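# Working through the structure, step by step
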Amino acid sequence: MHAGANGPTVGQLMHGKAPMQPSALEDDLNLIRRVVGRDRQAFETLYHRYSPAVYRYLWKLIRQREIVEEALNDVMMVVWETASRFNGTSRLSTWILGIAHNKALKAGARSARFDRDLQQAEPSGVESSGPEDAWAHRELASGVARAIDSLPPEQGVVVELTFYHDLSYAEIAKIVGCPVNTVKTRMFHARRRLASVFAAESQRS
């Protein structure tokens, strides 16, 4: 069982992930500098580049579409208004997701609950590689997503940030506000739990 373009493979979840390419980091730095200079076209590029990832992360935490959309707008407004505060000591994605994490916590408090059991289809926004395997990709991707969703929230967030957002444990610790060793422990337990889920699904198939 594996997931292709729609998400991490089972092997990645169990063993590791590929690092972000240096050229992408340089492109992000150039983009945020232009946003600091109030370049609206640059901000539009940044918005289209990062809003899907921010939306997905907010969705994982909130699961209420209207509140997620409101929080996404809040996040991107903060990015526009405070772009000069980005100091380049972390990746741009880390900084933006840190803002998103704080907005999600506030949005969850306003709604008085994190509705993690709401049964809705998750928007993927990713097409399969061809019509002949579209169904297979959807099934595999949804299987991995269901496995991640079955994790306790604090473990699910670590897996989400690691494999869908390509962040290091140090970057995740900065976003969620806990020690790096806590992140590592949560990932350890998440992998054990995911291994059990995948093993159970393999026996059923």
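The structure displayed is predicted, hence computed values, not measured ones.

A separate point is the overall build of the protein chain. Assigned secondary structure in the protein chain consists of 9 helices and 0 strands. Counting from the amino terminus, helix and strand elements in the protein chain follow one another as α-α-α-α-α-α-α-α-α. In the protein chain, buried positions account for 43% of the 205 residues.

Another point: the packing of aromatic side chains. All told, the structure shown has 4 aromatic pairs when counted by the stated rule. With 6.2 Å between their ring centres and 15 degrees between their planes, Tyr55 and Trp59 make a pair best called stacked. Of this pair, Tyr55 and Trp59 are both found in helix 3 (residues 40–62), 4 residues apart, which corresponds to roughly one turn of the helix. Classification of Tyr55 as buried rests on a relative accessible area of 13%. Note on Phe86 and Trp95: the rings are 5.6 Å apart at their centroids and 50 degrees apart in plane angle, and the pair reads as tilted. Under the relative-accessibility criterion, Phe86 is labelled buried at 10%. Following the ring pairs from residue to residue traces out a cluster consisting of Phe43, Tyr47 and Trp80. The ring of Trp80 is capped by Arg38, whose NZ or CZ atom sits 4.0 Å from the centre of that ring.

It is worth spelling out the packing of helix 3 against helix 4 (residues 65–82) at this point. Two quantities define a packed helix pair, namely the angle between the helix axes and the distance between the axes. Packing of helix 3 against helix 4 leaves a shortest axis separation of 9 Å and a crossing angle of 140 degrees. Judged by the angle between their axes, helix 3 and helix 4 are oblique. The handedness of the crossing between helix 3 and helix 4 is right-handed. Taken together, the residues of helix 4 that come into contact with helix 3 (itself represented by Arg40, Phe43, Leu46, Tyr47, Ser51, Val54, Tyr55, Leu58, Trp59 and Ile62) are Arg65, Ile67, Val68, Glu69, Ala71, Leu72, Asn73, Val75, Met76, Val79 and Trp80.

Taken together, the buried positions of helix 8 (residues 169–176) are occupied by Glu171, Ile172, Ala173, Ile175 and Val176. Within two residues after helix 8, Gly177 carries a phi angle of roughly 75 degrees, on the positive side.

Right, let's talk about the confidence of the model for the protein chain for a bit. A low pLDDT means the predicted coordinates there should not be read in detail. Here the protein chain averages 77 in pLDDT, while 69% of its residues score no lower than 70. Below a pLDDT of 50 lies the segment residues 1–5, which in the model reaches 16 contacts outside its immediate sequence neighbourhood of four places, other chains included. Of the regions scoring below 50 in pLDDT, residues 112–137 engages in 35 contacts with residues more than four places distant in sequence or in other chains.

Ranked by internal contacts, the top residues of the largest apolar core, which has 53 residues, are Leu46, Tyr57, Leu58, Ile62, Ile96 and Leu161. Where this core is concerned, the elements lending two or more residues are helix 2 (22–36), helix 3, helix 4, helix 5 (92–111), helix 6 (134–149), helix 7 (153–164), helix 8 and helix 9 (180–204). With 11 residues, helix 3 is the largest single contributor of residues to this core.

How each quantity is defined
- Residues numbered from 1 in each chain as written.
- Predicted model: local features only at pLDDT ≥ 70, side-chain atom pairs only at ≥ 80, totals over all residues.
- Heavy atoms only, no water.
- Helix = DSSP H or I, 4+ residues; strand = E, 2+ residues; numbered from the N terminus.
- Buried < 20%, exposed > 50% of the residue type's maximum accessible area, 1.4 Å probe, protein only.
- Phe/Tyr/Trp six-rings, centres within 6.5 Å; stacked < 30°, edge-to-face > 60°.
- Lys NZ or Arg CZ within 6 Å of the ring centre and 35° of its normal.
- Axes fitted to C-alpha atoms, helices over the stretch in contact; angles between N-to-C directions.
- Parallel < 35°, antiparallel > 145°, perpendicular 65-115°, else oblique.
- Left-handed = near helix turned anticlockwise from the far one by under 90°.
- Contact = heavy atoms within 4.5 Å.
- pLDDT = per-residue confidence, 0-100.
- Core = buried A, V, L, I, M, F, W, Y, C linked by side-chain atoms within 4.5 Å.

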